[in-house]
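The residues making up each chain are set out below.
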Amino acid sequence: MRRVRHLRWWIVALICAGTVANYLARNSLGVLAPELKLHLAMTTQQYSYVVGAFQLAYTVMQPVAGFIVDRFGLRAGFALFGVAWSLANMLHALAAGWISLALFRGLLGLAESAAVPSGIKAIAEWFPARERSVAVGWFNAGTSLGALIAPPLLVAVSLWANWRVAFAVTGAVGLLWAGAWWIFYRSPGEHPAITEGERAMIAADRPVKPSRPASAGEIVRTARFWIIAVPRFLAEPAWQTFSFWIPLYLATERGMDLKQIALFAWLPFLAADLGGVLGGYLSPFLMRRAGLRLVPSRVAGVVLAALLMIAPGCIGLAVSPYLAIALFCIGGFAHQMLSVLINTLSADVFTPEEVGTANGFIGQAGWLGGLLFSLLIGQLADTIGYAPLFAALSVFDLIGAAVLLLGMKQLRLPETVR
């Protein structure tokens, strides 16, 4: 096979494409929520249970998925999970009511839980620490890009055919990606297209391989795990609220119809893409310009993002739906900046042999926070409105940033080979 210069960046592009497929399937529910509530006769509370089924399954499965990719390899593990989430998404087309929809949503959550642990593990294997946040930024851009594409694509297919066909289309995208991953992915030590110079550069920065991988119990008992997991628990409700509730909020509180939602609901995710990518470059910028070391540069970015998250907390004060969307855009930008840097920290402080499991447990903490908050929205949105719930998201991120700042000294980098 012909050698490819800078192959690691092509690997990031492949991971990003998988994340796009993953979030395209994931966000199909939120985009189609107004239609599903009408055709399946769902209440807001029942819709929250459907959302909760995905979140519960995803929450439980994330560390299991991380363990699987750590033990059995990224190539086969990620491809199989990709096939599984694609088929589960296609099953949504068969839903006859909210209970069956919740069942299919739960299956989707089980399968999609592998995406972030797999992506972070691949970046830990392929990138030196100095480039890692940039790589995570581009990988993380796939989450926003998938969410950005979802509204216009799903609404177009729904209007052209129906909502059932829309689920089938998004599932087919994932199947195509799973095949591409199986064909093209290998680890740096095994990839036939990597140059010897790039292979040596990656190997020189690789942490010392432990005599045995840390067990799940050993990982969760470390201070560095909790210092990352608690801010992730507090930050994730914002992203899941944006992903699952923005279209419904715009329909119920701002009076938008499906076409208007398609025109505007993708904008916060475009802003999120920018935040994710720029967040990845922020850490190296602070290291060069402000003289910060690796971990403090990540934490400084998280603190800045948490301050920006005050904007979506003010959505209840917005006098027009367009101002509300603008505040959502600031929130999407800020959250993805924060998310990139927290995820990068897990790749920084855990070795490649254990990062899949560690990131799975950290992700589980985040999704537990998202699940609890979505259920809270389902219980309270029709009575107290969305405004105080959005305000709570800002407070959560500020507390999470404070936890990370106070515990920063416990975040030590593993010893490298050199």
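Residues numbered from 1 in each chain as written. Predicted model: local features only at pLDDT ≥ 70, side-chain atom pairs only at ≥ 80, totals over all residues. Heavy atoms only, no water.

A. Up close: the overall build of the protein chain. Summing up its helical and strand segments, the protein chain has 17 helices and zero strands in all. For 418 residues, the compact-globule estimate of 2.2 N^0.38 gives 22 Å, and the C-alpha radius of gyration of the protein chain, at 20 Å, lies within 12% of that figure. Principal-axis analysis of the C-alpha atoms gives the protein chain an extent of 60 × 45 × 35 Å. Burial statistics for the protein chain: of 418 residues in total, 60% are counted as buried. The long-range fraction of contacts in the protein chain, counting pairs at least 24 apart against all pairs at least 6 apart in sequence, stands at 84%. Accessible surface computed for the protein chain: about 15,800 Å², of which carbon and sulfur atoms make up 70%. Side chains of the protein chain give 30 positive and 20 negative charges; the mean places of these two sets differ by 5 Å. (Helix = DSSP H or I, 4+ residues; strand = E, 2+ residues; numbered from the N terminus. Rg over C-alpha atoms; globule rule 2.2 N^0.38 Å. Buried < 20%, exposed > 50% of the residue type's maximum accessible area, 1.4 Å probe, protein only. Contact = heavy atoms within 4.5 Å. Areas by Shrake-Rupley, 256 points an atom, 1.4 Å probe, with all protein chains shown as cover. Lys, Arg positive; Asp, Glu negative; His and termini not counted. Charge placed at Lys NZ, Arg CZ, Asp CG, Glu CD.)

B. Quick look at the packing of aromatic side chains. A full pass over the atoms with the stated rule returns 22 aromatic pairs. Both rings, one in Phe54 and one in Tyr58, keep their centres 5.6 Å apart while their planes meet at 35 degrees; by these two values the pair is tilted. Of this pair, Phe54 and Tyr58 both sit in helix α3 (residues 44–72), separated by four residues, roughly a single helical turn. Overall, the relative accessible area of 0% leaves Phe54 in the buried class. Between Phe225 and Trp226, the aromatic rings sit 5.1 Å apart at their centres with planes inclined by 85 degrees, giving edge-to-face as the arrangement. The buried category is assigned to Phe225, whose relative accessible area is 4%. (Phe/Tyr/Trp six-rings, centres within 6.5 Å; stacked < 30°, edge-to-face > 60°.)

C. Structural context of the side chain of Asn343. Secondary-structure assignment places Asn343 in helix α15 (residues 321–349). A distance of 3.3 Å separates the side chain of Asn343 from the side chain of Arg232, its partner in a polar contact. Once you skip the residues sitting within four places of it in the chain, Asn343 turns out to touch Val116, Ile120, Val136, Asn140, Arg232 and Asn359. (Polar contact = N/O pair within 3.5 Å; in protein donor to acceptor, adjacent residues only side chain to side chain.)

D. Representation of unusual backbone geometry in the model. Positive phi values are uncommon outside glycine, yet His6 reaches one of about 55 degrees. Structurally, His6 is set in the segment before α1 (7–26). Positive phi outside glycine occurs at Ala41, with the angle close to 55 degrees. You can see Ala41 is positioned in the loop between α2 (28–39) and α3.

E. Quick look at a nonpolar patch on the surface. On the surface, Leu91, Leu94, Leu103, Leu107 and Leu110 cluster together into a nonpolar patch covering about 440 Å² of accessible area. In terms of residues, the nonpolar patch owes the most to one element, helix α5 (residues 98–112), which gives three residues. By relative accessible area, Leu110 is classed as partly exposed at 35%. (Patch = residues over 30% accessible without salt bridge, like charges linked within 9 Å, V, L, I, M, F, W, Y side chains within 5 Å. Salt bridge = Lys/Arg side-chain N within 4 Å of Asp/Glu carboxyl O.)

F. Summary view of the nonpolar core. Leu36, Tyr47 and Trp181 are the most contacted members of the largest nonpolar core, which has 128 residues in total. Excluding residues that lie within four positions of it along the chain, Trp181 makes contacts with Leu14, Ile15, Leu74, Arg75, Phe78 and Ala79. (Core = buried A, V, L, I, M, F, W, Y, C linked by side-chain atoms within 4.5 Å.)

G. Molecular detail of helix α13 (residues 267–289). A rise of 1.5 Å per residue sets the reference length of α13, with its 23 residues, at 33 Å; its end C-alpha atoms lie 31 Å apart and thus fit the reference within 8%. A bend of about 25 degrees at Leu282 is the largest found in α13, and the proline Pro284 appears one to four places after it. Gly291 occupies a position one or two residues after α13 and carries a positive phi of about 70 degrees. (Expected span 1.5 Å × (residues − 1). Bend = angle between axes of the 7 residues up to and from the residue.)

H. Representation of the packing of α1 against helix α7 (residues 129–160). Contact geometry for α1 and α7: axes closest at 7 Å, N-to-C directions at 35 degrees. In this structure, α1 crosses over α7, and the sense of that crossing is right-handed. Tallied by class, residues from the contact of α1 with α7 come to 18 nonpolar, four polar and two charged. (Axes fitted to C-alpha atoms, helices over the stretch in contact; angles between N-to-C directions. Left-handed = near helix turned anticlockwise from the far one by under 90°. Nonpolar A, V, L, I, M, F, W, Y, C, P; charged D, E, K, R; others polar.)

I. Inspection of the pattern of salt bridges at higher detail. As enumerated under the stated definition, the model contains 11 salt bridges in all. For Arg26, the salt bridge goes to Glu112, with nearest N and O atoms at 2.9 Å. Here Glu112 lies in helix α5 and Arg26 lies in helix α1, a separation of 86 residues in the sequence. Glu112 matches Arg26 in its accessibility class, with the two residues each being buried. We note a salt bridge from Arg132 to Asp348, for which the minimum N-O separation is 3.3 Å.

J. Looking closely at helix α11 (residues 223–252). Along its 30 residues, α11 runs 43 Å from first to last C-alpha, staying within 8% of the 44 Å computed at 1.5 Å per residue. Along α11, the sharpest change in direction is near 60 degrees and occurs at Trp245; proline Pro247 comes one to four residues later. Counting buried positions along α11 gives 23 out of 30 residues, so the element sits mostly inside the fold.

K. Summary view of the environment of Pro128. Tracing the backbone through its elements, the reader meets Pro128 in the loop between α6 (115–126) and α7. The sequence separation of Pro128 and Met337 amounts to 209 residues, and the corresponding C-alpha distance is 20 Å.

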